[in-house]
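Chain and residue survey
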Amino acid sequence: MFSNLLERTARLCSILGGLVMTGLMLMTCYSLISRNFFDSALIGDFELTGVGAGAAIALFMPLCQLKRENIIVDFFTAKCSEGFNHGLDRMGDVLMAVIFGLLSWRCALGAINAKETMGASMLLGFPDWIVFTSMCIPFGITALIALMQALSQLQHHEEATA
(Lines give C-alpha, C1' and ligand atoms only; values in the text may rest on other atoms or scores of the structure.)
Protein backbone atom coordinates (compact mmCIF):
# COMPACT_ATOMS: atom_id res chain seq x y z
CA MET A 1 0.00 0.00 0.00
CA PHE A 2 2.63 2.51 1.03
CA SER A 3 6.17 2.67 -0.03
CA ASN A 4 8.65 1.50 2.53
CA LEU A 5 10.37 4.86 2.27
CA LEU A 6 7.30 6.78 3.48
CA GLU A 7 6.76 4.38 6.36
CA ARG A 8 10.42 4.55 7.40
CA THR A 9 10.39 8.32 7.13
CA ALA A 10 7.28 8.55 9.32
CA ARG A 11 8.86 6.26 11.91
CA LEU A 12 12.11 8.24 11.83
CA CYS A 13 10.16 11.46 12.38
CA SER A 14 8.42 9.86 15.35
CA ILE A 15 11.72 8.71 16.84
CA LEU A 16 13.13 12.23 16.42
CA GLY A 17 10.01 13.64 18.09
CA GLY A 18 10.51 11.25 21.00
CA LEU A 19 14.15 12.31 21.32
CA VAL A 20 13.12 15.97 21.33
CA MET A 21 10.52 15.30 24.04
CA THR A 22 13.08 13.35 26.08
CA GLY A 23 15.50 16.26 25.79
CA LEU A 24 12.77 18.67 26.90
CA MET A 25 11.95 16.48 29.87
CA LEU A 26 15.60 16.32 30.93
CA MET A 27 16.00 20.07 30.48
CA THR A 28 12.86 20.75 32.53
CA CYS A 29 14.06 18.45 35.33
CA TYR A 30 17.44 20.18 35.34
CA SER A 31 15.78 23.59 35.36
CA LEU A 32 13.44 22.70 38.23
CA ILE A 33 16.18 21.15 40.33
CA SER A 34 18.50 24.10 39.69
CA ARG A 35 15.80 26.62 40.50
CA ASN A 36 14.52 24.93 43.66
CA PHE A 37 17.74 23.62 45.21
CA PHE A 38 20.53 25.82 43.93
CA ASP A 39 18.74 29.14 43.34
CA SER A 40 19.96 29.12 39.77
CA ALA A 41 17.64 29.45 36.80
CA LEU A 42 18.16 28.01 33.35
CA ILE A 43 17.75 31.05 31.10
CA GLY A 44 15.37 30.49 28.19
CA ASP A 45 13.93 27.17 29.31
CA PHE A 46 10.40 28.33 28.49
CA GLU A 47 11.49 29.38 25.00
CA LEU A 48 13.19 26.07 24.35
CA THR A 49 10.18 24.15 25.69
CA GLY A 50 7.87 25.99 23.29
CA VAL A 51 10.17 25.45 20.33
CA GLY A 52 10.77 21.80 21.17
CA ALA A 53 7.12 20.99 21.82
CA GLY A 54 6.08 22.52 18.50
CA ALA A 55 8.75 20.57 16.65
CA ALA A 56 7.88 17.33 18.46
CA ILE A 57 4.17 17.64 17.72
CA ALA A 58 4.94 18.21 14.04
CA LEU A 59 7.32 15.23 14.05
CA PHE A 60 4.66 12.92 15.47
CA MET A 61 2.08 13.82 12.80
CA PRO A 62 3.39 11.68 9.88
CA LEU A 63 3.18 8.44 11.88
CA CYS A 64 -0.17 9.49 13.32
CA GLN A 65 -1.55 9.94 9.79
CA LEU A 66 0.12 6.78 8.53
CA LYS A 67 -1.56 4.69 11.22
CA ARG A 68 -4.84 6.65 10.88
CA GLU A 69 -4.73 7.48 14.58
CA ASN A 70 -6.43 10.85 14.27
CA ILE A 71 -9.61 11.33 16.25
CA ILE A 72 -12.67 10.22 14.31
CA VAL A 73 -16.14 10.98 15.58
CA ASP A 74 -18.49 8.47 14.03
CA PHE A 75 -21.57 9.22 16.11
CA PHE A 76 -23.56 10.43 13.09
CA THR A 77 -22.17 7.93 10.58
CA ALA A 78 -22.21 4.73 12.67
CA LYS A 79 -25.38 3.47 10.96
CA CYS A 80 -24.48 4.61 7.44
CA SER A 81 -23.48 2.21 4.70
CA GLU A 82 -19.90 1.03 4.33
CA GLY A 83 -19.64 2.76 0.95
CA PHE A 84 -20.79 6.08 2.37
CA ASN A 85 -18.31 5.85 5.26
CA HIS A 86 -15.56 4.89 2.84
CA GLY A 87 -16.32 8.01 0.80
CA LEU A 88 -16.21 10.17 3.94
CA ASP A 89 -12.89 8.60 4.92
CA ARG A 90 -11.42 9.40 1.49
CA MET A 91 -12.73 12.96 1.73
CA GLY A 92 -11.09 13.18 5.17
CA ASP A 93 -7.78 11.99 3.71
CA VAL A 94 -7.97 14.61 0.97
CA LEU A 95 -8.80 17.32 3.52
CA MET A 96 -5.87 16.23 5.69
CA ALA A 97 -3.58 16.39 2.66
CA VAL A 98 -4.81 19.89 1.83
CA ILE A 99 -4.59 21.15 5.43
CA PHE A 100 -1.10 19.76 6.03
CA GLY A 101 0.01 20.96 2.60
CA LEU A 102 -1.13 24.47 3.53
CA LEU A 103 0.56 24.23 6.94
CA SER A 104 3.80 23.12 5.31
CA TRP A 105 3.62 25.89 2.72
CA ARG A 106 2.92 28.59 5.34
CA CYS A 107 5.70 27.28 7.60
CA ALA A 108 8.08 27.41 4.63
CA LEU A 109 7.09 31.02 3.95
CA GLY A 110 7.45 31.78 7.66
CA ALA A 111 10.94 30.24 7.65
CA ILE A 112 11.97 32.32 4.64
CA ASN A 113 10.58 35.49 6.23
CA ALA A 114 12.22 34.76 9.59
CA LYS A 115 15.56 34.10 7.87
CA GLU A 116 15.34 37.35 5.89
CA THR A 117 14.34 39.45 8.90
CA MET A 118 16.70 37.60 11.27
CA GLY A 119 13.83 36.86 13.66
CA ALA A 120 14.91 35.30 16.94
CA SER A 121 13.54 34.42 20.36
CA MET A 122 13.59 37.05 23.07
CA LEU A 123 16.01 35.67 25.67
CA LEU A 124 18.24 33.24 23.82
CA GLY A 125 18.17 34.74 20.36
CA PHE A 126 17.22 31.30 18.98
CA PRO A 127 16.59 31.75 15.22
CA ASP A 128 12.89 31.54 14.34
CA TRP A 129 13.58 30.06 10.90
CA ILE A 130 14.78 26.83 12.55
CA VAL A 131 11.45 26.53 14.35
CA PHE A 132 9.44 26.99 11.16
CA THR A 133 11.66 24.59 9.21
CA SER A 134 11.38 21.93 11.91
CA MET A 135 7.61 21.99 11.42
CA CYS A 136 7.52 22.51 7.64
CA ILE A 137 9.18 19.23 6.69
CA PRO A 138 7.07 16.86 8.85
CA PHE A 139 3.89 18.68 7.81
CA GLY A 140 4.84 18.15 4.17
CA ILE A 141 5.48 14.45 4.82
CA THR A 142 2.08 14.20 6.55
CA ALA A 143 0.38 15.82 3.54
CA LEU A 144 2.08 13.35 1.21
CA ILE A 145 1.03 10.39 3.36
CA ALA A 146 -2.59 11.59 3.50
CA LEU A 147 -2.65 12.08 -0.27
CA MET A 148 -1.19 8.62 -0.85
CA GLN A 149 -3.79 7.15 1.52
CA ALA A 150 -6.63 8.86 -0.31
CA LEU A 151 -5.41 7.70 -3.72
CA SER A 152 -4.55 4.14 -2.72
CA GLN A 153 -7.81 3.57 -0.86
CA LEU A 154 -9.80 5.09 -3.71
CA GLN A 155 -8.18 2.68 -6.19
CA HIS A 156 -8.65 -0.23 -3.77
CA HIS A 157 -12.36 0.60 -3.32
CA GLU A 158 -12.90 0.85 -7.09
CA GLU A 159 -11.24 -2.54 -7.59
CA ALA A 160 -13.40 -4.08 -4.82
CA THR A 161 -16.67 -2.76 -6.25
CA ALA A 162 -15.84 -3.73 -9.85
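Higher on the page you've got the structure.
Residue numbers restart at each chain and count upward from 1, following the sequence in its written direction. Local features in this predicted model are restricted to residues whose pLDDT is 70 or higher, and side-chain atom pairs enter the listing and the counts only when it is 80 or higher, whereas totals over whole chains, interfaces and linings include all residues. Just so you know, side-chain values use all the structure's heavy atoms and leave hydrogens and water out.

1. Section: the pattern of salt bridges
Rule in force here: Think of a salt bridge as a Lys or Arg side-chain nitrogen and an Asp or Glu carboxyl oxygen that are within 4 Å of each other. We count a stretch as a helix when DSSP gives it H or I for four or more residues in a row; a strand needs E for two or more, and each element gets its number in order from the N terminus. Buried, partly exposed and exposed residues are distinguished by accessible area as a fraction of the type maximum, computed with a 1.4 Å probe on protein chains only: under 20%, between the cut-offs, and over 50%, respectively.
Per the stated rule, a full pass over the model turns up four salt bridges. Here glutamate 7 and arginine 11 are joined by a salt bridge, their closest N and O atoms 3.2 Å apart. Taken together, the residues span about one helical turn, with glutamate 7 and arginine 11 both in helix H1 (residues 4-37) at a distance of four residues. Judged by its relative accessible area of 29%, glutamate 7 falls in the partly exposed class. Overall, the relative accessible area of 37% leaves arginine 11 in the partly exposed class. A salt bridge links arginine 90 to aspartate 93; its shortest N-O distance comes to 2.7 Å. Of this pair, arginine 90 and aspartate 93 are both found in helix H3 (residues 82-117), three residues apart, which corresponds to roughly one turn of the helix. Overall, arginine 90 belongs to the buried group, its relative accessible area being 9%. Aspartate 93 sits in the buried class, given a relative accessible area of 4%.

2. Here we look at the side chain of serine 121
The condition that has to hold: Here, residues are in contact when the closest pair of their heavy atoms is within 4.5 Å.
Locating serine 121 in the fold gives a position in the loop between H3 and helix H4 (128-161). Discounting residues that sit within four places of it in the chain, serine 121 has contacts with Glu47, Phe126 and Asp128.

3. Things to note about the packing of H1 against helix H2 (residues 45-66)
Selection rule: Lines fitted to C-alpha atoms define the axes here, with helix axes fitted over just the stretch in contact, and angles between the N-to-C directions of these axes take values from 0 to 180 degrees. Roughly parallel means an angle under 35 degrees; roughly antiparallel, over 145; roughly perpendicular, 65 to 115; everything else is oblique. Crossings are classed by handedness, with left-handed meaning an anticlockwise turn of the near helix from the far one by less than a right angle and right-handed meaning a clockwise turn.
Put simply, H1 and H2 touch, their axes get as near as 8 Å, and they point 155° apart. In this view, H1 runs roughly antiparallel relative to H2, as classed from their interaxial angle. In the crossing of H1 with H2, the sense of the turn from one axis to the other is left-handed.

4. Details of the packing of aromatic side chains
Applicable threshold: For this analysis, a ring pair means two rings from Phe, Tyr or Trp (six-membered ring only for Trp) whose centres lie within 6.5 Å, classed as stacked if their planes differ by under 30 degrees, edge-to-face if by over 60, and tilted for the remaining angles.
Applying the stated criterion across every chain, the model contains one aromatic pair. Judged by centre distance (5.5 Å) and plane angle (55°), the ring pair of phenylalanine 100 and phenylalanine 139 falls under tilted. With phenylalanine 100 in helix H3 and phenylalanine 139 in helix H4, this pair connects stretches of sequence that are 39 residues apart. The same class applies to phenylalanine 100 as to phenylalanine 139, namely buried.

5. So, the layout of surface pockets
Going by this rule: With a 1 Å grid laid over protein atoms only, a set of points is called a cavity when a 1.4 Å probe fits there but cannot get out and a pocket when it is open yet has protein on both sides within 12 Å along at least five of seven lines; lining residues have an atom within 4 Å of a point. Grid points are joined across faces, edges and corners, and a volume is the space filled by probe spheres set on the points. Classes in brief: Ala, Val, Leu, Ile, Met, Phe, Trp, Tyr, Cys and Pro nonpolar; Asp, Glu, Lys and Arg charged; the others, Gly included, polar.
The computed volume of the largest pocket comes to approximately 430 Å³. Lining the largest pocket are 19 residues, and of these Ile71, Ile72, Leu88, Asp89 and Gly92 sit closest to its centre. Sorting elements by how many residues they give to the lining of the largest pocket places H3 first, with eight residues. The class makeup of the residues in the lining of the largest pocket is eight nonpolar, five polar and six charged.

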